[in-house]
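Summary of structural features
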2 protein chains.
Amino acid sequence: MKPQQLNWQFVLVRPRNPLNIGAAARALANFGLMEMVVVAPFEPTWKEARTSAVGAEAVMAKARVAPKLVDVIGDATVVIGTTTGARRNLDRELVPLPDLAAELRRGRARGRAALLFGSEKTGLGNEDFSHCHALVRIPTASDCPSMNLGQAVAVCAYELARAGLVTVKQPISPPGRFEPATSHSLEHLYKRAQHVLEMSGYFQPLSRQAMLLKVRRLLLDLKLTPSGARILGAILAQVEWKLEQATHAGHE
Amino acid sequence: MKPQQLNWQFVLVRPRNPLNIGAAARALANFGLMEMVVVAPFEPTWKEARTSAVGAEAVMAKARVAPKLVDVIGDATVVIGTTTGARRNLDRELVPLPDLAAELRRGRARGRAALLFGSEKTGLGNEDFSHCHALVRIPTASDCPSMNLGQAVAVCAYELARAGLVTVKQPISPPGRFEPATSHSLEHLYKRAQHVLEMSGYFQPLSRQAMLLKVRRLLLDLKLTPSGARILGAILAQVEWKLEQATHAGHE
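Please read all numbers here as calculations on a predicted model, not as lab measurements.

Reading the values: the criteria
- Residues numbered from 1 in each chain as written.
- Chains lettered and ligands numbered in written order.
- Predicted model: local features only at pLDDT ≥ 70, side-chain atom pairs only at ≥ 80, totals over all residues.
- Heavy atoms only, no water.
- Helix = DSSP H or I, 4+ residues; strand = E, 2+ residues; numbered from the N terminus.
- Rg over C-alpha atoms; globule rule 2.2 N^0.38 Å.
- Buried < 20%, exposed > 50% of the residue type's maximum accessible area, 1.4 Å probe, protein only.
- Contact = heavy atoms within 4.5 Å.
- Areas by Shrake-Rupley, 256 points an atom, 1.4 Å probe, with all protein chains shown as cover.
- Lys, Arg positive; Asp, Glu negative; His and termini not counted.
- Charge placed at Lys NZ, Arg CZ, Asp CG, Glu CD.
- Expected span 1.5 Å × (residues − 1).
- Arc of directions from axis to C-beta.
- Least-squares fit on C-alpha atoms with pLDDT ≥ 70 in both.
- Domains from an automatic or database assignment.
- Core = buried A, V, L, I, M, F, W, Y, C linked by side-chain atoms within 4.5 Å.
- Disulfide = S-S within 2.5 Å.
- Buried area = accessible area lost by both parts, 1.4 Å probe.
- Salt bridge = Lys/Arg side-chain N within 4 Å of Asp/Glu carboxyl O.
- Polar contact = N/O pair within 3.5 Å; in protein donor to acceptor, adjacent residues only side chain to side chain.
- Nonpolar A, V, L, I, M, F, W, Y, C, P; charged D, E, K, R; others polar.

Our focus in this paragraph is the overall build of chain A. Helix and strand content of chain A: eight helices and seven strands. On C-alpha atoms alone, chain A measures out to a radius of gyration of 30 Å, which is more than a quarter above the 18 Å that the 2.2 N^0.38 rule sets for 252 residues. Each principal axis of the C-alpha distribution contributes one length, and for chain A these read about 95 × 40 × 35 Å. For chain A, the proportion of its 252 residues judged to be buried stands at 46%. For chain A, restricting intrachain contacts to residue pairs at least 6 apart in sequence, the fraction spanning at least 24 positions comes to 83%. Carbon and sulfur atoms form 57% of the exposed surface of chain A, whose accessible area is close to 13300 Å². Of note, chain A has its 31 positive side-chain charges centred 3 Å away from the centre of its 22 negative side-chain charges.

In structure tokens, the structure reads:
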């Protein structure tokens, strides 16, 4: 199913630590998300704290600030609050974060989505929740449910990317997939190994044939790349040469 | 498919900032992971930096430290390195993080798994990679591939939990799923709304029947909970009462 394309803005509500705001910006930049909004930050000078926002200069520069949540979610068609789920009196359905994409697709969500994160100390409040169409919970452990703000933002941004809710521009030439060595080069290695083992006196006459089959199987199981096969071939050739030298020396 | 149960240890190789070590510990605790190993930390006093390890005291206390990577991965059956994939000369297959679980299941991995994270500045080096059975890449954007260390750990821990590679002990009584109001209570609301609208002079004689159907449909679409239905019922009752008062006053 083709995912609905939503425009996401991440909204930090009353964040206390400017380093966490910068870290949130960095996580957004990591996953190609550009829109961060900061509501009523505790430190008015948060934009200057850039040490944690490495690589996220554009996100920081574009970040909006507003005194109240209602000022920033006006054009959102979907407002989603994040919560640890530790409070018992929420009386709302909590969508596990891994299910969010399916939930949004089921509801045919489109347009602008706002994802809200509460302050480090208290999370989102009931006033904030009253604006939310849905509440999402990162499935953390019951004995340590509360996440660091920047980490919670990173996990949510990753999940949106993983589930195809945002498109992340990947590297143009990603390193190639595994390329296996050819049967020909493995057979060449096998012959060389056989010769080395013969010269070393490895084989017992009765089990020789069975051992040879095991060696061939072992070479296959090594899942060698062409480069790995070359290195192993060169090693065997060297050992072969040395053994031949030793054999000739012994015969002289 | 029942996932293979692996015992995970997260290994921070040459981390520089103690705050990131604490943040990594917190992320592990969030997802029920207990084993952190620190290899050759830049700051020998990293264990004292606990401000970022809120809730992760047990992980920090249990954390091991070692001078070299080989000292800590000896009993691992799977060693996985993390990388941004930005370096071009890796010459290895990179498993996208969302595919890691499938990859491990395909390989029937079991036993002890070590997940390695490099230093904030340089990531893992070729020496570290040479110990790895697989390399994993968090699918970050090409123009900002490098993640904060604590956030990278958080995203990986979340992914292990999401994919069922670790079992996270969830809250015992999670807040209940959405409970819809009964048809009976919606019909009650409908009757009350109808009465209020009649008294307000909302209906035109010709379209009255069609409007009533729309009102019933609207009440259904509201997806009210029992509590929401009660609140709306009480509001309508109040308006009804006020309108009746006004009507009687007008008639007197």
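Take helix α7 (residues 208-221) of chain B next. Residues and elements named next belong to chain B. In a regular helix each residue adds 1.5 Å, so 14 residues correspond to 20 Å; α7 covers 20 Å between its end C-alpha atoms and thus fits that length. Along α7, the positions that sit buried rather than exposed are Leu-212, Val-215 and Leu-219. One side of α7 holds all its buried residues, which, seen down the axis, span an arc of 55°. Exposed positions of α7 whose direction lies more than 90 degrees from the buried face are Leu-213, Lys-214, Arg-217, Leu-218 and Leu-220. Just past α7, the residue Lys-223 takes up positive phi, approximately 50°.

Below, the discussion takes up the relation of the copies chain A and chain B. Least-squares fitting of chain A to chain B yields an RMSD of 0.1 Å, with the superposition described by an axial translation of 0.0 Å and a rotation of 180°. Expressed as a symmetry operation, the mapping of one chain copy onto the other fits a two-fold axis. Looking at chain A, 98% of its interface residues are interface residues in chain B too, so the copies touch through the same face.

So, about the domain arrangement of chain A. Along its sequence, chain A is carved into domain 1 (6-162) and domain 2 (183-251). Averaged C-alpha coordinates put domain 1 of chain A and domain 2 of chain A at centres separated by 59 Å.

This part is about the nonpolar core. Within soluble globular proteins, side chains that are nonpolar generally end up buried alongside one another. Core analysis: the biggest nonpolar cluster contains 100 residues, and Trp8(A), Phe10(A), Met36(A), Trp8(B), Phe10(B) and Met36(B) have the highest contact counts within it. Apart from the residues within four sequence positions on either side, Met36(A) is in contact with Phe10(A), Leu12(A), Ile21(A), Ala24(A), Ala25(A), Leu28(A), Trp46(A), Val59(A), Met60(A), Ala63(A) and Arg64(A).

Turning our eyes to something else, we now look at the environment of Val54(B). With respect to the element layout, Val54(B) can be found in the loop between β2 (36-39) and α2 (57-62). Residue classification places Val54(B) among the partly exposed residues on the basis of a relative accessible area of 46%. Along the sequence, Val54(B) and Gly22(B) sit 32 residues apart, while their C-alpha atoms lie 8.1 Å from each other. In this view, Val54(B) contacts Cys144(A) and Arg26(B); residues no more than four positions away in its chain are not counted.

Turning our eyes to something else, we now look at the state of the cysteines. Residues and elements named next belong to chain B. Enumeration over the complete set of coordinates arrives at zero disulfides over all chains. Take Cys-144: it sits in no disulfide, and the sulfur closest to it among the cysteines is that of Cys-156, at 16 Å. Taking the relative accessible area as the measure of exposure, Cys-144 reaches 7% and is therefore buried.

This part takes up the interface of chain A and chain B. At the interface, 48 residues of chain A touch 47 residues of chain B. Taking both partners together, chain A and chain B bury about 3800 Å²; carbon and sulfur atoms supply 52% of that area. Applying the counting rule to chain A against chain B returns zero salt bridges. Inspection of the chain A/chain B interface yields 18 residue pairs in polar contact (both at pLDDT 80 or more). Put simply, the parts of the chain that give the side of chain A that touches chain B at least two residues each are α1 (18-30), β5 (94-96) and α5 (149-162) of chain A. No other element matches the seven residues that α5(A) contributes to the side of chain A that touches chain B. Class assignment for the residues of the side of chain A that touches chain B results in 23 nonpolar, 14 polar and eleven charged.

The subject of this paragraph is the pattern of salt bridges. All chains considered together, the criterion is met by 18 salt bridges over all chains. Where Asp128(B) meets Arg14(B), a salt bridge forms, and the shortest distance between an N and an O atom there is 2.8 Å. Here Asp128(B), found in helix α4 (residues 126-129), pairs with Arg14(B), found in the loop between β1 (6-13) and α1 (18-30); they are 114 residues apart in sequence, far enough to count as distant. Looking at Asp128(B), the relative accessible area reads 4%, which means it is buried. The exposure class of Arg14(B) is partly exposed, given its relative accessible area of 33%. Each member of the salt-bridge network shares a partner with another, and the members are Glu35(A), Asp75(A) and Arg112(A).

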